[in-house]
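The lines below spell out each chain.
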Amino acid sequence: MAACILVTRLLCRRFAIGYQRLKGKRCLYPFGLHCTGMPIKACADKLLREMEDFGYPPKFPVEENTEAVVVEKGDTPENKAKSKKSKVAAKAGSAKYQWQIMTSLGLTDEEIKEFANPMHWLKYFPPWAQNDLKKMGLKVDWRRTFITTDANPYYDSFVRWQFIRLKERNKIQFGKRYTIYSPKDRQPCMDHDRSAGENVGPQEYTLIKMRVIEETMPQNLKVVASRRPVFLVAATLRPETMYGQTNCWLHPDITYIAFVNNKNEVFICTRRAARNMSYQEMTEKPETVNVLAEIKGKDLMGVALVAPLSSFPKIYALPMMTIKEDKGTGVVTSVPSDSPDDFAALRDLKNKAAMREKFGIKEEMVAFEPVPIIDVEGFGTLSAPKICEELKIQSQNDREKLQLAKERVYLKGFYEGVLIVGEFKGKKVQDIKKQIQKLLVDRGEAAVYMEPEKLVVSRSGDQCVVALCDQWFLDYGNAEWKAQATQALANLNTYHDESRKNFEATLDWLHEHACSRSYGLGTKLPWDPQYLIESLSDSTIYMAYYTVAHLLHGGSFDGSGTSPLGIEPEEMTPEVWDYLFCQTATVPKSTIAVDKLKKMRREFEYWYAVDLRVSGKDLIPNHLTYYLYNHCAIWPNDPKKWPQAIRANGHLLLNSEKMSKSTGNFLTLSDALEKFSADGMRFALADAGDTIEDANFVEAMADAGILRLYAFLEWVREMMDTDVALRTGEQNDICDQIFIK
């Protein structure tokens, strides 16, 4: 999808630049190639592993039904990307291995072998990208084109300068922070490092420790616990509701594990949750789960528990069939006074003796009534029973009604509810959530637990966790810095209200962003070279680099050619960059001639700031917001250097449907150029739309554009051949000079 967004961005810029040039303005339209991050290194390493595992050339295991299905014309809607899949789409769509993907691009085995070296990617693909874009008709100043990472020593020195100055200005901090982390890659996994889960962050829970009463503990658990206290641990977003616990829910068919934590206690939860905890310094050994036993949920039914803050001396573990293994710990606290789901499920167990008998639940284990704990206006002190009665919810199987009930009472209870029990009686729920969490943690009855909000998968195929790890991070939560970014947004033209609202929401929640990693391609942190600067952090002010790139290494992507000004990369010191980018008015001591320094500074002053940035709407929560922050940090006293406008666009549909290799509704840039020509493709893209909504490339429009162009050219030829018959009299006005002479 990134490529689909890119084409839309390029044409938006192309049209804007063309229009402004027609108005007589001087316009700079550069183009860079961002190579930083994990994708290239991950693909190169996959090729290495495939050669190690399957030989060279690799002989992959034969799998049934892996060949892509060819869709015949008669099976597709008339308007769809006609007839059959393209060869690339068909092959790449079914490819399982990196080698097969490379083969689908038309590369030979001998050529593919070279891509096991990540540096080869940086030399091979940029010329191909440039060639396609030239065919597309982009009016780019190719002298300014460059690649990122330390493969380009000029850009490398530029990024090093930026980070030195950010650290000096206290924008970069170091410490233990929760972050999305790939255990396989052994480093934080930022948005651009993910194959799934972009914009997903850590979700904080309160881990409630419900102590299992030993007399009710299964015998095998007693043995492995070896007199250590045993806890069922439930992850909750609402610690303030623990006063109303009447029972605990487990799924009978989930396999739970018992393991030793860092306090020599035994925790019981799902294996997935335990894996997360092991990266948060909560297990006996960091990053290791010491599994004592595997236990089916059904074997824990009826165990007695001591639950923190509950008004009952003991509660029981009961069955709930809707618990999911991929969220939380698989252990759920039950508060039927304020949770419609809990109320309905507990009522079912009370009313259905057969269900209790199936799981060995005695009647006294469900003989608990909802406990009033929160007063909610309009619902009273028992909001869940009241809403279930109003909506006539009969059982826990009334999923749609229960969802509606939850929507009506959950947020209202949190934001408007008043606690009527405990130490914080009389206070609003939203004001005391953190205080109750701290109370429980200080008592040793709970812990802070994190996991990804949704599934996150790294580009190396690893399911990510939340880890508490040492890292360098950009302190976007700094109040002064955030205020500057807010000011920059206020002065920014966003073109769409939706874009502005997304920026405002991001500024509201954004606090810290890990800017270092140990795997991939990039620039090394100047003061801690064991780390690389990650891809969303080395590309925030690169537009400034465009203004001088052609003078440093014009025409050479990686700076390996002869510098037009005869400047060597090692001459580009932080002091030189300071002078070029107006950080200081004093010419620095340098081996670079003063006239050359002044020439580069004039280039920067002439072109900066950025008048228009066009990018995908999915980058507002990260890259585009960081773009604002970093301009404010580098030019804090010169708002004229801050971005002037950002136009966010949607994705690109093909014939009103999402592009997909698996369905064959797919078109590459080079295929589009070959099929429709640059003019035909641009006609269709101009008609596709340029708002924040998804644009729609319609092939019929591209075909029609070609026909209209052909008809126009034929008409021009006809007019040129018959110009004498069309004009009489003396030729003397301006129209004659333009259209005849």
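Quick note: structure is the one above.
Report follows, based on the coordinates. (Residues numbered from 1 in each chain as written. Predicted model: local features only at pLDDT ≥ 70, side-chain atom pairs only at ≥ 80, totals over all residues. Heavy atoms only, no water.)

Side note on the overall build of the protein
As a reminder, the rule being used: A helix here means a DSSP run of H or I that spans at least four residues, while a strand means a run of E at least two residues long, and both kinds are numbered starting from the N terminus. Buried means the residue's accessible area, taken with a 1.4 Å probe over protein chains only, is under 20% of the maximum for its type, while exposed means over 50%, and partly exposed covers the values in between. Note on areas: Shrake-Rupley with a 1.4 Å probe; residue coverage comes only from the protein chains shown. In this tally, Asp and Glu contribute negative charge and Lys and Arg positive charge; neither His nor the terminal groups of the chain are included. A charge is said to be at NZ when it belongs to Lys, at CZ for Arg, at CG for Asp and at CD for Glu.
Helix and strand content of the protein: 24 helices and 24 strands. Over its C-alpha atoms, taken along the principal directions, the protein stretches across nearly 110 × 70 × 60 Å. Buried positions account for 52% of the 741 residues belonging to the protein. On the protein, roughly 34,900 Å² of surface is accessible, and the fraction owed to carbon and sulfur atoms is 51%. In the protein, 98 side chains carry a positive charge and 99 a negative one; their mean positions are 2 Å apart.

Observations regarding the sheet that holds strand E18 (residues 513–514)
Quick note on the threshold: In this scheme, strands are said to pair when DSSP sees at least two bridges between them.
Strands sit in the order E2-E1-E17-E18 across an open sheet of four strands; the sheet is antiparallel. Every other strand in the sheet has two partners, leaving strand E2 (187–188) and E18 as the edge strands with one partner each. The pairing of strand E1 (residues 172–182) with strand E17 (residues 465–474) spans ten bridges and is antiparallel. Paired with Ile 180 across the bridge in E17 is Val 466.

Brief notes about a nonpolar patch on the surface
To keep it simple, the criterion reads: Surface patches are drawn from residues lacking salt bridges whose relative accessible area is over 30%; two like charges belong together within 9 Å, two nonpolar side chains (Val, Leu, Ile, Met, Phe, Trp, Tyr) within 5 Å. Any Lys or Arg side-chain nitrogen found within 4 Å of a carboxyl oxygen on Asp or Glu counts as a salt bridge.
Residues Phe 712, Leu 713 and Trp 715 make up a contiguous nonpolar surface patch of about 340 Å² in total accessible area. Within the secondary structure, Leu 713 is located in helix H22 (residues 699–721).

Focus: the packing of helix H13 (residues 399–416) against helix H14 (residues 429–442)
The following threshold applies: Here the axes come from fitting lines to C-alpha atoms, over the contacting stretch only for helices, and the angles between their N-to-C directions go from 0 to 180 degrees. For classification purposes, an angle smaller than 35 degrees is called roughly parallel, one larger than 145 roughly antiparallel, one from 65 to 115 roughly perpendicular, and anything else oblique. Between two residues, a contact is recorded if the distance between any of their heavy atoms is within 4.5 Å. Residues are sorted three ways: Asp, Glu, Lys and Arg are charged, Ala, Val, Leu, Ile, Met, Phe, Trp, Tyr, Cys and Pro are nonpolar, and all the rest, Gly among them, are polar.
Running from amino to carboxyl end, H13 crosses H14 at an angle of 80 degrees, the nearest separation of the two axes being 6 Å. Relative to H14, the element H13 lies roughly perpendicular. Two secondary-structure elements touch here, H13 through Gly 413, Phe 414 and Tyr 415 and H14 through Val 429, Gln 430 and Lys 433. Partitioned by chemical class, the residues of the contact of H13 with H14 number three nonpolar, two polar and one charged.

Here we look at the packing of helix H15 (residues 479–490) against helix H20 (residues 620–634)
Applicable threshold: Crossing handedness is defined as follows: a turn of the near helix away from the far one that is anticlockwise and smaller than a right angle gives a left-handed crossing, while the clockwise case is right-handed.
Direction vectors running N to C along H15 and H20 enclose 110 degrees, while the axes themselves pass 9 Å from each other. As summarised for this structure, H15 and H20 are arranged roughly perpendicular, according to the angle between their axes. For the element pair H15 and H20, the recorded crossing hand is right-handed. From H15, Trp 481, Lys 482, Gln 484, Ala 485, Ala 488 and Leu 489 reach across to H20, where they touch Leu 628, Tyr 629, Asn 630, Cys 632 and Ala 633. When its residues are assigned to classes, the contact of H15 with H20 shows eight nonpolar, two polar and one charged.

A closer look at the pairing of strand E6 (residues 247–250)
The side-chain alternation of E6 yields two buried faces, one formed by Asn 247 and Trp 249 and the other by Cys 248 and Leu 250. Pairing between E6 and strand E11 (residues 315–319): three bridges, direction parallel. Bridged to Trp 249 within E11 is Leu 318.

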